[in-house]
Amino acid sequence: DQPLYNEDKTMVLTFNGEIYNYPKLREELIAAGHIFTTHTDSETLIHGYEEWGHNLTKKLRGMYAFAIWNKKEQELYMARDGWGIKPLYYYQNGKTLMFASEIKALFKYPGIIPILDEQSIAELFGIGPTRTSGTAVFKNIYKLKPATYAIFNESGLNTKKYWWLQSKI
C-alpha cells in the first residue's frame, strides 16, 4: 500500500518497480537498528534513505523510480534506475514540482497545460541540434534521466548522475 511512511511519519515514499537486492539491504538496515513492519522492498527504500541519504541509489540493484518526501529537511528526493526501465516524469515551474510515472497523470493538475515543445519533437525525429536536458515532448515536462537522482528543496531542483556504465574497450 502506498504511500509508505517511516515510523514517525517524517518521510513518505511513493515507488514503482522492484529492488532485487532488498533482502540483503534489509538485513543490513536491521543490523543498523531500523525496525521493519513489512517484508516489502518499498520499506527498504525508506529506511535506506534514512540510513544512507542521497547515497541510497548506489546500493540499489533493480528497476525503479521513486520519490521520498523528507518532512524534516523539506526536501524531495527522486531517483530512477540505472538503465531507465521505470520512467519518472516531472513538471517544474518555479517553486512548483509535480511528478508521475506517466505524462498524462501530470495533465490532471489544473495548472499544467499540454503544450508541445517543438525543439523536443525535432530531437525525437533526429532533426536539428540535441539538448541534454532530458525533456519530454511537452514544455516544462521533463523525464528524469536513467541513473540519476534529483533533489527538490527551497534552492530549486538539482540533479546528479549516480552511476555510469564502465567500458573496458
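What counts, and where the lines are drawn
- Residues numbered from 1 in each chain as written.
- Predicted model: local features only at pLDDT ≥ 70, side-chain atom pairs only at ≥ 80, totals over all residues.
- Heavy atoms only, no water.
- 1 Å grid on protein atoms, 1.4 Å probe; cavity = no way out; pocket = protein on both sides within 12 Å on 5 of 7 lines; lining within 4 Å.
- Points joined across faces, edges and corners; volume = space filled by probe spheres on them.
- Nonpolar A, V, L, I, M, F, W, Y, C, P; charged D, E, K, R; others polar.
- Patch = residues over 30% accessible without salt bridge, like charges linked within 9 Å, V, L, I, M, F, W, Y side chains within 5 Å.
- Areas by Shrake-Rupley, 256 points an atom, 1.4 Å probe, with all protein chains shown as cover.
- Salt bridge = Lys/Arg side-chain N within 4 Å of Asp/Glu carboxyl O.
- Helix = DSSP H or I, 4+ residues; strand = E, 2+ residues; numbered from the N terminus.
- Buried < 20%, exposed > 50% of the residue type's maximum accessible area, 1.4 Å probe, protein only.

Enquirer: How should I be thinking about the layout of surface pockets in this particular structure?
Expert: By rolling a water-sized probe across the atoms, one finds the places where empty space is left. In this structure, the largest pocket encloses a volume near 170 Å³. Around the largest pocket, the lining residues are Trp69, Glu73, Gln74, Glu75, Gly94, Lys95, Phe152, Asn153, Glu154 and Gly156. The class makeup of the residues in the lining of the largest pocket is 2 nonpolar, 4 polar and 4 charged. In this structure, the second largest pocket spans a volume of roughly 150 Å³.

Enquirer: Would you take a moment to explain a nonpolar patch on the surface for this structure?
Expert: Together, Trp83, Ile85 and Trp163 make up an exposed nonpolar region whose accessible area comes to about 350 Å². Here Trp83 lies in the loop between strand S4 (75-80) and strand S5 (89-93).

Enquirer: Mind showing me how you'd approach the pattern of salt bridges here?
Expert: When the charged atoms of two side chains lie near each other, side chains of opposite charge can form a pair. Following the criterion strictly, the structure yields 3 salt bridges and no others. The salt bridge partner of Lys59 is Glu28, with a shortest N-O separation of 3.2 Å. Pair noted here: Lys59 is in the loop between helix H2 (41-52) and strand S3 (62-70) and Glu28 is in helix H1 (residues 22-31), with a separation of 31 residues, a long-range link. The partly exposed category is assigned to Lys59, whose relative accessible area is 27%. A relative accessible area of 35% means that Glu28 is categorised as partly exposed. For Lys104, the salt bridge is made with Glu102, and the minimal N-O distance between the two is 3.6 Å.

Taken by themselves, the reported measurements are silent on function.
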